[in-house]
Amino acid sequence: MPDERISAAAKRVFIALDFPSAQEALKLAEKVAPLGVGLKMGLELFTSEGPALARDLAGRGDLFLDLKYHDIPATVGRSVAAATRLGVAVMNLHTSGGEAMVRAAVEARDATAQETGATPPGLIGVTVLTSLDGDDLRAVWGDSADPNASAHAVRLAERSQAWGLDGVVASAKEAEAIRAACGPEFLIVTPGIRPAGADVGDQKRVLTPAAAIRTGASHLVIGRPVTRADDPHAACAAILNELAEALA
Ligand code: C5P
């Protein structure tokens, strides 16, 4: 497989650094970042280690800051500006925070990138958490809430696009409908990825890397199949090979 195909595949992958300490996260990053993959820093690692580690990781590869902002527009706008200054490549927020919050985030991202001369990071929406089903939605939003969590997710993806976001995080279950609704350029970042034969863990619905791309995902979030592998570098390289073949 030519190197440029592997590099193109690597640009579509974020390895989830779900670790409690900088030491463990950096150890893993050192093994996989040379392959050209992106890295994902979530709430656990950010809460433990903070922006200094985010800045460090952003210097090693594309960093997806997965903090799922959801607050009043002014607070989210200032947080997005701060994350833009850290040099992250992608960050996310809950689209259910509403139009004013989403538009404040987009405005703050653009203004900060212009001010610093940095490439504006991608801003993507969280639609419906995959841990919620129709009963949960009704318990939170009342009996009139759409009991179909998938339909709700697709509608929120359309709102995300209309309000200026670059894409959404979505389960493989919804990727196809979102791709059809939002067109070819919209980013669809999909977790729940397992190479054939890998341990499923607590994920309920999984797809192989190649199948997720065929379903409409533009980017994949991959955690344990790489981070808990005996040889994370080799596991990641094998996934990139599979992906490069699917993209060819
Ligand atoms: O280890 P695994 O590949 O299951 O990790 C998936 C990553 O994607 C984790 O960081 C998890 O928090 C995240 N994620 C997910 N399902 C969602 C949203 C995010 O698994 N619906």
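This text goes with the structure placed above it.
Residues numbered from 1 in each chain as written. Predicted model: local features only at pLDDT ≥ 70, side-chain atom pairs only at ≥ 80, totals over all residues. Heavy atoms only, no water.

A. Main features of the overall build of the protein. Check the secondary structure of the protein and you find 11 helices and 8 strands. Its C-alpha atoms give the protein principal-axis dimensions of roughly 50 × 40 × 35 Å. Burial analysis of the protein (248 residues in total) assigns 50% to the buried set. The long-range share in the protein, meaning contacts at least 24 apart out of those at least 6 apart in sequence, stands at 66%. For the protein, the exposed surface amounts to about 11,500 Å²; the carbon and sulfur share of it is 51%. Measuring between centres, the 24 positive side-chain charges of the protein sit 1 Å from its 31 negative side-chain charges. (Helix = DSSP H or I, 4+ residues; strand = E, 2+ residues; numbered from the N terminus. Buried < 20%, exposed > 50% of the residue type's maximum accessible area, 1.4 Å probe, protein only. Contact = heavy atoms within 4.5 Å. Areas by Shrake-Rupley, 256 points an atom, 1.4 Å probe, with all protein chains shown as cover. Lys, Arg positive; Asp, Glu negative; His and termini not counted. Charge placed at Lys NZ, Arg CZ, Asp CG, Glu CD.)

B. Structural context of the site of the ligand. With respect to spatial proximity, the complete set of residues near the ligand consists of Ala16, Asp18, Lys40, Thr130, Pro191, Arg194, Gln203, Val221, Ile222, Gly223, Arg224 and Pro225. Asp18 has a polar side-chain atom sitting 2.7 Å from an oxygen atom of the ligand. One of the side-chain N or O atoms of Thr130 is found 2.6 Å from a nitrogen atom in the ligand. Relative to its free-state accessible area of 460 Å², the ligand is covered by the protein chains to the extent of 79%. Within the residue set of the shell around the ligand, elements represented by two or more residues are β8 (219–222) and α10 (224–227). Among the residues making up the shell around the ligand, the classes are represented as 5 nonpolar, 3 polar and 4 charged. (Near = heavy atom within 4 Å. Polar contact = N/O pair within 3.5 Å; in protein donor to acceptor, adjacent residues only side chain to side chain. Nonpolar A, V, L, I, M, F, W, Y, C, P; charged D, E, K, R; others polar.)

C. Examining the nonpolar core more closely. Ile15, Leu57 and Tyr69 are the most contacted members of the largest nonpolar core, which has 55 residues in total. Broken down by element, this core gets its largest block of residues, 6 residues, from helix α2 (residues 22–32). Those residues within four positions of Leu57 in sequence are excluded, and the remaining contacts are Leu17, Leu26, Ala29, Leu39, Met41, Leu45 and Leu63. Membership of the second largest hydrophobic core comes to 9 residues, among which are Ala157, Val168, Phe186 and Ile188. (Core = buried A, V, L, I, M, F, W, Y, C linked by side-chain atoms within 4.5 Å.)

D. Inspection of the packing of aromatic side chains at higher detail. Summed over the entire model, instances satisfying the criterion amount to 1 aromatic pair. Ring centres of Phe14 and Phe64 lie 5.5 Å apart, and the angle between their planes is 65°; this geometry places the pair in the edge-to-face category. Highlighted residues: Phe14 in strand β1 (residues 13–16) and Phe64 in strand β3 (residues 63–69), separated in sequence by 50 residues. On the basis of relative accessible area, Phe14 is assigned to the buried category, the value being 4%. We classify Phe64 as buried; its relative accessible area is 2%. (Phe/Tyr/Trp six-rings, centres within 6.5 Å; stacked < 30°, edge-to-face > 60°.)

E. Quick peek at the pairing of strand β2 (residues 38–41). Residues Gly38 and Lys40 of β2 are buried on one face, and the alternating residues Leu39 and Met41, pointing to the opposite face, are buried as well. Handedness of the crossover joining β1 and β2 through α2 is recorded here as right-handed. With 3 bridges joining them, β2 and β3 adopt parallel strand pairing. Along β3, the bridge assignment pairs Leu39 with Leu63. (Right-handed = clockwise from strand over helix to strand, strands pointing away. Pairing = 2+ DSSP bridges.)

F. Seen up close, the packing of helix α4 (residues 73–86) against helix α5 (residues 99–116). At a minimum axis distance of 8 Å, the contact between α4 and α5 shows a crossing angle of 30°. Handedness of the α4/α5 crossing: right-handed. Counted together, Pro73, Val76, Gly77, Val80, Ala81, Thr84 and Arg85 of α4 and Ala100, Met101, Ala104, Ala105, Ala108, Arg109, Thr112, Ala113, Glu115 and Thr116 of α5 form the full contact between these two elements. In the contact of α4 with α5, the residues fall into 10 nonpolar, 4 polar and 3 charged. (Axes fitted to C-alpha atoms, helices over the stretch in contact; angles between N-to-C directions. Left-handed = near helix turned anticlockwise from the far one by under 90°.)

G. Region of the structure containing helix α7 (residues 149–162). Helix length check: α7, at 14 residues, gives a terminal C-alpha distance of 20 Å against a target of 20 Å (1.5 Å per residue), a fit within 8%. Every buried residue of α7 is listed here: Ala149, His152, Ala153, Val154, Leu156, Ala157 and Ser160. Taken together, the buried residues of α7 touch α6 (134–141), β6 (167–169) and α8 (172–182). Between the side-chain oxygen of the N-cap and the backbone nitrogen of Ser150 there are 3.0 Å, and the N-cap of α7 in question is Asn148. Taken from the residues just after α7, Gly164 is the one with a positive phi, measuring 105°. (Expected span 1.5 Å × (residues − 1).)

H. Fine view of the sheet that holds β6. Strands sit in the order β1-β2-β3-β4-β5-β6-β7-β8 around a closed barrel of 8 strands; the barrel is parallel. The sheet shows a mean angle of 25° between the axes of neighbouring strands, taken without regard to direction. Set on the sheet, α8 makes contact with β6 and β7 (187–190); between it and β7 the angle comes to about 170°.

I. Focus on α2. Among the residues making up α2, those that are buried are Ala22, Ala25, Leu26, Leu28, Ala29 and Val32. End-on, the buried residues of α2 take up no more than an arc of 165°, which puts them together on one face. The exposed set on the far side of α2, more than 90 degrees from its buried face, consists of Gln23, Lys27 and Glu30. Those residues of α2 hidden inside the fold are in contact with β1, β2, α3 (43–58), α10 and α11 (232–247). (Arc of directions from axis to C-beta.)

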